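Structural description and commentary
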Amino acid sequence: MHFASRFVVATSHRGVESNVTPAPMSATTDLARLRVDYMRAALSERDAAADPFDQFTRWFDEAVAAAVPEPNAMTLATVDAAGHPSARIVLLKAVDARGFVFHTNYDSSKGRQLAANPRVALLFFWPELERQVRIEGAAERVSADESDAYFAQRPRASQLSAWASPQSNPVADRAWLEAELARAEARYAAEVPRPPNWGGVRVMPDRFEFWQGRASRLHDRLVWTRDGTRWMVGRLAP
Ligand SMILES: Cc1cc2nc3c(=O)[nH]c(=O)nc-3n(C[C@H](O)[C@H](O)[C@H](O)COP(=O)(O)O)c2cc1C
């Protein structure tokens, strides 16, 4: 396991200095000493793509080639009407020059937050490549046709779960959910239509940051921001 073997556990020991800070149980519970030195790659202005979508495609293909588990899993951060942030994982299901698409329940917590404030952030973390990609932009629903097309290709069991689950709402117990699933199964013996409150959301980026871990915390951070129709690239301190 090359990843585990690159963990560097600091060896300095402070001795017993205080009875306020409990002694660590073991190296794995001593979070302050857990660190990885990133050595795999670099990201330079010279090698980067002019268009950040091309740069994303390049890195995404490399994440797939490196067998990163669930490379299309991304953190979606939203804010509610009171400005309170929340974050969760969703799956990227399409990307092109128009933006990044995931599918969800429009009545869920995130769906309500998006209706109140469409500004979002997306985050990919591909540890095997020592990379993260940060994206910021505005979200909007995809067309009903686009949502229908994606829903139609989901496995039947997932289609039925979309009907059975009032996502983000409290439910009595697991049995209630399973009964709802059975009811959906009975109702849609043949084809399962898309629930009207379920569909795609497209995030149209106005900022990308590509982060490549480097040795000694001197990481590479290249940022693309939109200037009208052009993308401008710059570098940030790590
Ligand atoms: C690997 C992974 C993939 C997920 N993919 C999705 C997804 O594509 N769409 C979705 O609505 N929820 C997805 N979820 C569940 C969400 O993280 C979240 O629990 C759910 O959408 C409810 O979030 P909310 O209450 O903030 O709306 C996924 C969770 C994980 C861990």
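Residues numbered from 1 in each chain as written. Predicted model: local features only at pLDDT ≥ 70, side-chain atom pairs only at ≥ 80, totals over all residues.

With 25 residues, the main nonpolar core has L122, V133, I135, V201, V203, F208 and F210 as its most contacted residues. Elements supplying a minimum of two residues to this core: α2 (52–65), β3 (73–79), β6 (99–105), β7 (119–126), β8 (131–141), β9 (198–212) and β10 (220–227). Other than its neighbours up to four places away in sequence, V133 contacts F56, W59, F124, F208 and F210. (Core = buried A, V, L, I, M, F, W, Y, C linked by C-beta atoms within 7 Å. Buried ≥ 20, exposed ≤ 12 C-beta atoms within 10 Å, placed from the backbone. Helix = DSSP H or I, 4+ residues; strand = E, 2+ residues; numbered from the N terminus. Contact = placed C-beta atoms within 7 Å.)

Moving on, we come to the confidence of the model for the protein chain. Summing up the model confidence of the protein chain, the mean pLDDT is 91 and the portion of residues at 70 or higher is 88%. Mean pLDDT values over the elements of the protein chain span from 34, in strand β1 (residues 7–9), up to 99, in β3. (pLDDT = per-residue confidence, 0-100.)

This part covers the site of the ligand. Close to the ligand lie 15 residues, the nearest being R88, T104, S108, K110 and S168. Elements with a minimum of two residues in the shell around the ligand: β4 (85–91), β6 and α3 (109–116). Of all the elements, β4 adds the most residues to the shell around the ligand, at 5 residues. Classifying every residue of the shell around the ligand gives 5 nonpolar, 7 polar and 3 charged. (Near = placed C-beta within 6 Å. Nonpolar A, V, L, I, M, F, W, Y, C, P; charged D, E, K, R; others polar.)

What follows deals with the pairing of β4. Counting buried positions along β4 gives 0 out of 7 residues, so the element sits mostly on the surface. Bridge count between β3 and β4: 7 bridges; the pairing is antiparallel. Within β4, the position partnered with A73 by the bridge is L91. Once β3 ends, the chain turns through 5 residues before running back antiparallel as β4, passing G83 with a positive phi of about 85 degrees. (Pairing = 2+ DSSP bridges.)

Glancing now at α3. The set of residues buried in α3 consists of K110, Q113 and L114. Looking straight down α3, one finds its buried side chains confined to an arc of 100 degrees; they lie on one side. Residues of α3 that are buried in the fold lie against β3, β4, β6, β8 and β9. (Arc of directions from axis to C-beta.)

Right, let's get into the environment of D37. Checked against the element boundaries, D37 lands in the loop between β2 (34–36) and α2. Taking the C-beta count within 10 Å as the criterion, D37 has 13 such neighbours and is therefore assigned partly exposed. Between the C-alpha atoms of D37 and G213, which are 176 residues apart in sequence, the distance is 8.1 Å.

Moving on, we get to the environment of R134. Looking at the element boundaries, R134 is found in strand β8. Looking at R134, the number of C-beta atoms within 10 Å reads 19, which means it is partly exposed. Each C-alpha atom, one on R134 and one on F208, is 5.7 Å from the other, the two residues being 74 residues apart in sequence. Apart from the residues lying within four places of it in its own chain, the contact partners of R134 are A121, L123 and E209.

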